[in-house]
Amino acid sequence: MSVIDLRSDTVTLPTTGMREAMARAELGDDVYGEDPTVNRLEATLAERLGFEAGLFVPTGTMSNLLGLMAHCGRGDEYIVGQQAHTYKYEGGGAAVLGSIQPQPIDGEADGSLDLAKVEAAIKQDDFHFARTRLLALENTMQGKVLPQSYLAAAREMTRRRGLGLHLDGARLYNAAVKLGVDAGEITRYFDSVSVCLSKGLGAPVGSVLCGSTELIGKARRLRKMVGGGMRQAGGLAAAGLYALDHQVERLAEDHVNAETLGRELAGLGYGIEPVQTNMVYVDIGAQASALGAFLGERGIRVSPAPRLRLVTHLDVKGTDIPHIVEAFAAFRRN
Ligand SMILES: *Cc1c(COP(=O)(O)O)cnc(C)c1O
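Residues numbered from 1 in each chain as written. Predicted model: local features only at pLDDT ≥ 70, side-chain atom pairs only at ≥ 80, totals over all residues. Heavy atoms only, no water.

We now examine the overall build of the protein. A tally of regular secondary structure across the protein gives 14 helices and 12 strands. In terms of C-alpha radius of gyration, the protein reaches 20 Å, essentially the compact-globule figure of 20 Å for 334 residues. The principal-axis extent of the C-alpha atoms belonging to the protein is close to 60 × 50 × 35 Å. Looking at the protein as a whole, 54% of its 334 residues qualify as buried. Of the contacts formed within the protein by residues at least 6 apart in sequence, a portion of 74% connects residues at least 24 apart. Element-wise, carbon and sulfur atoms account for 50% of the exposed surface of the protein, whose accessible area totals about 14600 Å². A gap of 3 Å separates the mean positions of the 35 positive and 40 negative side-chain charges of the protein. (Helix = DSSP H or I, 4+ residues; strand = E, 2+ residues; numbered from the N terminus. Rg over C-alpha atoms; globule rule 2.2 N^0.38 Å. Buried < 20%, exposed > 50% of the residue type's maximum accessible area, 1.4 Å probe, protein only. Contact = heavy atoms within 4.5 Å. Areas by Shrake-Rupley, 256 points an atom, 1.4 Å probe, with all protein chains shown as cover. Lys, Arg positive; Asp, Glu negative; His and termini not counted. Charge placed at Lys NZ, Arg CZ, Asp CG, Glu CD.)

Okay, the site of the ligand next. With respect to spatial proximity, the complete set of residues near the ligand consists of T59, G60, T61, N64, H85, E90, E138, D168, A170, R171, C196 and K199. Between D168 and the ligand, the recorded distance is 2.6 Å, taken from a side-chain N or O atom to a nitrogen atom. K199 places a side-chain nitrogen or oxygen 2.7 Å from an oxygen atom of the ligand. Relative to its unbound accessible area of 380 Å², the ligand is 84% covered by the protein chains. In terms of residue count, helix α3 (residues 60–71) provides more of the shell around the ligand than any other element does, three residues in total. Residues of the shell around the ligand, tallied by class, amount to two nonpolar, five polar and five charged. (Near = heavy atom within 4 Å. Polar contact = N/O pair within 3.5 Å; in protein donor to acceptor, adjacent residues only side chain to side chain. Nonpolar A, V, L, I, M, F, W, Y, C, P; charged D, E, K, R; others polar.)

Turning our eyes to something else, we now look at the pairing of strand β8 (residues 207–211). In terms of residue burial, β8 counts as a mostly covered element, since five of its five residues are buried. Alternating residues of β8 divide into S207, L209 and G211 and V208 and C210, and every residue in both groups is buried. Note: strand β2 (residues 53–57) against β8, five bridges, orientation antiparallel. Its bridge partner lying in β8, G54 is registered against C210. Judged from the four bridges that link them, strand β7 (residues 192–196) and β8 form a sheet pairing that is antiparallel. By the bridge assignment, V193 is partnered in β8 with C210. (Pairing = 2+ DSSP bridges.)

Written out as structure tokens, the structure reads:
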């Protein structure tokens, strides 16, 4: 029985074309700056997103960490959402390794942070307080796309208040495809952006941090410090380049599949949050573990939770959706 894995868009396997691109990649020692494929990936993404420079790193967690540490020094502070990945799901790395104090604030229903609340959280210049240096946003945020007008307002406010603006763009391309804009139209509002190649884009490993030459220079030093300097990494970078050239537009299929799934499950009577990109949230409450086991017996993998997240991706086909819906229908009848 082939398994349909809805836990995350990280579970994809490299496509045949991607494996071929990886096998063909020209290699060199990237710590010496001599891997031509890594250099091409960094330059390509920086250019497409409107930045001076890029840095290839193993994970999105490291990319965000280096971004935060390049913006903030010891005893500085960044403002971030309570549910943001950098704050909640990265082991507290910015605090542990960067001595950066987070100032979390509650997020809004649309995935944004209320800019009036952000401004109110900025600390005065007073020796009692940490120095507020940065605002970090996430887009998409739990599958939701931040409005472009909101990004413009966040840009204006952070400029006015002397803060940097960082984007955790793990799913930047889902947002861009949903809006029908070039990803650069989103990243132009930010001072730095972390992009995951290993989520919906379908590469096995890797993220890229983009920013100014100065910021990326700092991040490159920090990458060495945290042990993230890789040698002949061009095979991995080739997967990223392949994803950027061949697997961006197809994210629209994941969005259609998620929308269909959400609509069908709502039709069965499940509580479904509005679907924007590749994530469907199901309010399943106390039945989470029973549902998880039931689906598992039918070849469908989920991470059971009261607010159940179903993620569509490269390895979930449109033809899988009826089977998933049927399993949810059978659970309800059960
Ligand atoms: C997955 C993810 C990351 C981190 O990526 P890893 O490669 O798993 O370390 C960062 N931010 C968001 C929003 C993510 O979904």
